[in-house]
Each structure stands twice: as structure tokens, then as C-alpha cells.
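Observations on the three-dimensional arrangement
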Amino acid sequence: MESTTKGFEALNLSEQICRAIRGEKYDSPTPIQHQAIPHLLEGRDLLGCAQTGTGKTAAFALPILQRLSEGRKNPGSKGPRALILTPTRELAAQISDSFRVYGKHLNLKQAVIYGGVSPKPQINSLRRGVDILIATPGRMIDLYQQRCFRLDQIEVFVLDEADRMLDMGFLPDIKKIYAMTPDIRQSMLFSATLPDDILRLTKHFLKDPVKVSVTPPASTVDRIDQRVLFVDRENKGALLESVLQNNDIYRALVFSRTKHGANRIVKNLGKAKIKADSIHGNKSQAARMEALKKFRSGKVRVLVATDIASRGLDVEGITHVINYELPNEADSYVHRVGRTARAGTSGVALSFCDAGEKSYLHNIERTIKRLVTVINDHPYHSESIASKPKRSSGSNGKFSGRRYSNSGAKPGKNQTRRKYFSAKPRKRSRGPRSAVSA
Ligand code: AMP
């Protein structure tokens, strides 16, 4: 992970927080942390344009922990003082883990609430009193309406992955929740992209915010080697198998457009003796957690996911993101490929594009302002899809002059696999949740 040279000590964080960070072996703040933390410690509102993988959780968690520990009040029936809203269960669980790690010397109480599991343990933890509440909007409103907690003590309000929240239709819920919090509070909004509807939202939520951006809106991480294969729809299954035979693909996240499609891919890979599991909205929370656990531990090398289920996932060492189907929204592509090349490693994003998906690819390239390298000498490459209809090359300098990975000669099958799909390991600068490079 890219980080700045100044240490955390220079950010005026408390000794207990610095100690927890040292325990994580973070050498220095990442750019978003370096830019955001001083303003947040001053109590300013903040608009952060950053993807997961940039260290944005610590960027908001550390100042919140500092603020709550300085102005200590007993957690209790009065209700939480910090509220973090996030779109998915997995992300809520991850944020909660981060708060636990960074706040381990502080004795602050937290609860995490999300749907898809029994509410009882969540209600019990709320009853014990909390300082920090991390929640997905639906379950949060449910439990609030059941009077499991109050919101009138909220001092800090965080909207994480705001663009995703809007895509998932959470806007009415978010507005409802926001209206229930007191007027005097510090608000933060983080989003990977800043389309117009997010900018409108920030006007509603933030007062004179500091703006911090660590990647330009909708840009893809430079380290990701992005490639596309034009392939007939009916060959996608065989192509995936052939790609996954390559052992350089250490940990692959495969995106399917539909839940049934994800199940089908897993089944077909199973027939080819390639261990895979899936994660999507039709699975119980327990099954999703189990699939993630196996993927994280390396028990399965391939996780097949739908967009919603994978949003914001922080799994280390994903060497390859494979778009079995291209998403029709360019922003989703940006999010998907951002699952690799995290924490300082490199990664490969490989997209299978059939005839019906060429317009999606075109939109994606316009959004990321570059052309995706075409692999045109793979045995499954379809020249007829590649060559028509002709795609405009756009006006941006980066956007012209498509790169091809064609070596001239057709390689043998194994050679083909190695040649196209290796993710070159990069030097890493940091410690604990170590990424594995291929
Ligand atoms: P996030 O963007 O919050 O999802 O963080 C992505 C990953 O970066 C997590 O695994 C964090 O543990 C890690 N991380 C956060 N801050 C730092 C830092 N200053 N140095 C190294 N790694 C970090």
C-alpha cells in the first residue's frame, strides 16, 4: 500500500491508538489517512473520494476513536455516539473488525448490525450499551423501530460507499436515518465515484466539507493489468476452465451477472475439478461467511460472486478478477477490478466480452479513459467479435492506440495460459494482512 513518509505520531493521535497501529505494523499513514485525519480531528465534515483498499476505514475510524475516547461518557441506554452506515453485511463486519483492532486499548464499546442473520445477538449487544454502531440501513431501521437503541446522542455520522448505497436504493432509508440524528454532529461521506447524485447528496449531508480525493473519480488503479478476451458466449465456460488451469492464478474472484449464473459456474468448474464457491444474495449469511472464510484461507482458489455480494470485499491477495460477464455499468467494473491489486500488490483483471457486451466495454473504456488490452491470439479469441462493429477510439490521448498482447505466433495451450494471465508480484511496503502474490 502506498503510504506517506510521516508517521502516525505526527498526526496527533493518542498513544493508545498509535500503539494499536504499531501492532498492525503500519509504517506510515496512507494518502487518504494523511489528508483526512488532521481535518477530522478538528471536527470538520469530510467528503472523501476513495475506494476500498486505500486505507479509508482507518482514515475515519482513528479520528472517531480519538474523539470518543477523549470526551468519555458511559456507554449505556442513551445510545451510540458514532454511527457508520455501510451498504453490505460483509463491509459492516470488516469495518467492525477494524474498529476492534484500532480501538483495542481504548475500552470503547461497539455493535455491528446487519440483515440476513438472527437479530437477537445484535439486540443483546445494543442493550449492553454501545459507543460505536456500524450498520446496514435496512436492519438498522428495523431495530430502531423496535426501540432497541436511540439516535439522539450521535456526534459522528459516516456514510461509507455512498455511491453503492444509492445504487442499491438505500437513499430513502439513509435520509430517514440522518433526519433522526441530532443537528450538531460531524458528518463524513466516502464514495469511490462522485457522480452528480452523490454531489447532490453531499450538499444535503455535509456542512462546508473538506474534500479529499486519493484517486480521480472512477479511475481504475494503475497497478491493475486490464485485459479483454473477445469470446463467443457459448465458449465462456470452457475459456474460464482453461484460464483457471494456470496455477499462477493464486486467488481469483469471478464475477457473474446473476445468482443462478454464479451457481452454474461453480458447478461446471467442479466438474473440471476446479474448487470454487459462490457468494450472492440467495445464500444465507452463514453460507456467505463460510464461502469467504474458505476463500480467505485458500481452501478454495476461486470465488464466484455477483456485484451486490462482493461490494467492498477486502480479501487479500486476489491475484485475478475475472469478469465472466461484463457489467453494464462502468462504475461496477471499476469496483470489481479494484478487488485486486490491493495493499501494494499488482493484479490482473480479465474480462470475457461476447458480441452483446461490446457496448459495455466501450462505456467502460470511456469511463476509465484508456483502452483495455486485447488478447487476440488466445485459442478462444473470436476475431469476428473483435473486429465488428468498429469501436470509436475516443479523443483522449490515452484512449487511442489499442494495445494487443499478440505475440505473432500461436502458442501451445500451457504456454498460452502462463503468458497471458500471470500477475507479477510487486514489492510490498507493509505488514499484517499480507497479500500473496502469484
Ligand atoms: P480499507 O481501504 O480501509 O479497506 O483498507 C485496506 C487495507 O489496508 C486493510 O487491509 C488495512 O488493514 C490496510 N491498511 C490500512 N491503513 C494502512 C496503512 N497505513 N499501512 C498499511 N496498510 C494499511
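Here goes a summary of the coordinates provided. The written sequence of each chain sets the order in which its residues are numbered from 1. Residues qualify for local features only when their pLDDT is at least 70, as the model is predicted, and side-chain atom pairs are given and counted only at 80 or more; totals for whole chains, interfaces and linings, by contrast, use all residues. Where side-chain values are given, they derive from all heavy atoms of the structure, hydrogens and water being excluded.

1. Quick notes on the pattern of salt bridges
- Salt bridges are identified by distance alone: a Lys or Arg side-chain nitrogen within 4 Å of an Asp or Glu carboxyl oxygen. By the definition in use, this model includes 19 salt bridges.
- The shortest N-O distance in the salt bridge between Arg44 and Asp208 comes to 3.7 Å. In this pair, Arg44 is assigned in the loop between α2 (31-41) and β1 (46-49) and Asp208 in the loop between α9 (196-205) and β7 (210-213), connecting sequence segments 164 residues apart.
- The buried label goes to any residue with under 20% of its type's maximum accessible area, the exposed label to any with over 50%, and the partly exposed label to all in between, with areas taken from a 1.4 Å probe on protein chains only. Overall, the relative accessible area of 59% leaves Asp208 in the exposed class.
- Put simply, Lys56 and Asp160 hold a salt bridge, and the shortest N to O gap is 2.7 Å. Of the two residues, Lys56 sits in helix α3 (residues 56-70) while Asp160 sits in the loop between β5 (156-159) and α7 (162-167), which places them 104 residues apart along the sequence. Like Lys56, the residue Asp160 is buried in the burial classification. Helix and strand definitions follow DSSP, with helices as H or I runs of at least four residues and strands as E runs of at least two, each counted in order from the N terminus.

2. Describing the sheet that holds strand β4 (residues 132-135)
- Pairing between strands requires that DSSP locate at least two bridges from one strand to the other. An order of β3-β4-β2-β5-β6-β1-β7 is seen for the seven strands of this open sheet, with the pairing classed as parallel. One side of each edge strand has no neighbouring strand; the edge strands of this open sheet are β3 (110-113) and β7. On average, adjacent strands in this sheet sit at an angle of 10° to one another, irrespective of strand direction.
- The pairing of strand β2 (residues 82-85) with β5 spans four bridges and is parallel. When the bridges of β5 are listed, Leu85 appears paired with Leu159.
- For this analysis, residues touch if any pair of their heavy atoms sits within 4.5 Å. Axis lines are fitted through C-alpha atoms, for helices just across the contact stretch, and the angle between N-to-C directions can take any value from 0 to 180 degrees. Contacting β2, β3 and β4, helix α4 (residues 89-102) runs over the sheet at an angle of about 170° to β3.

3. Some remarks on the side chain of Lys56
- Looking at Lys56, the relative accessible area reads 2%, which means it is buried.
- In the analysis that follows, any N or O atom pair within 3.5 Å is treated as a polar contact, provided that within protein one partner can donate a hydrogen and the other can accept it, and provided that, for residues neighboring in sequence, both atoms belong to side chains. Side chain to side chain, Lys56 and Asp160 meet in a polar contact 2.7 Å long.
- Setting aside residues up to four positions removed in sequence, Lys56 forms contacts with Ile32, Ala50, Gln51, Asp160, Glu161 and Phe190.

4. Brief notes about the pairing of β1
- With burial as the criterion, each face of β1 is covered, one bearing Leu46 and Gly48 and the other bearing Leu47 and Cys49.
- Strand direction decides the pairing type here: β1 and β7, joined by four bridges, are parallel. Note that in β7 the partner of Leu47 across the bridge is Lys211.

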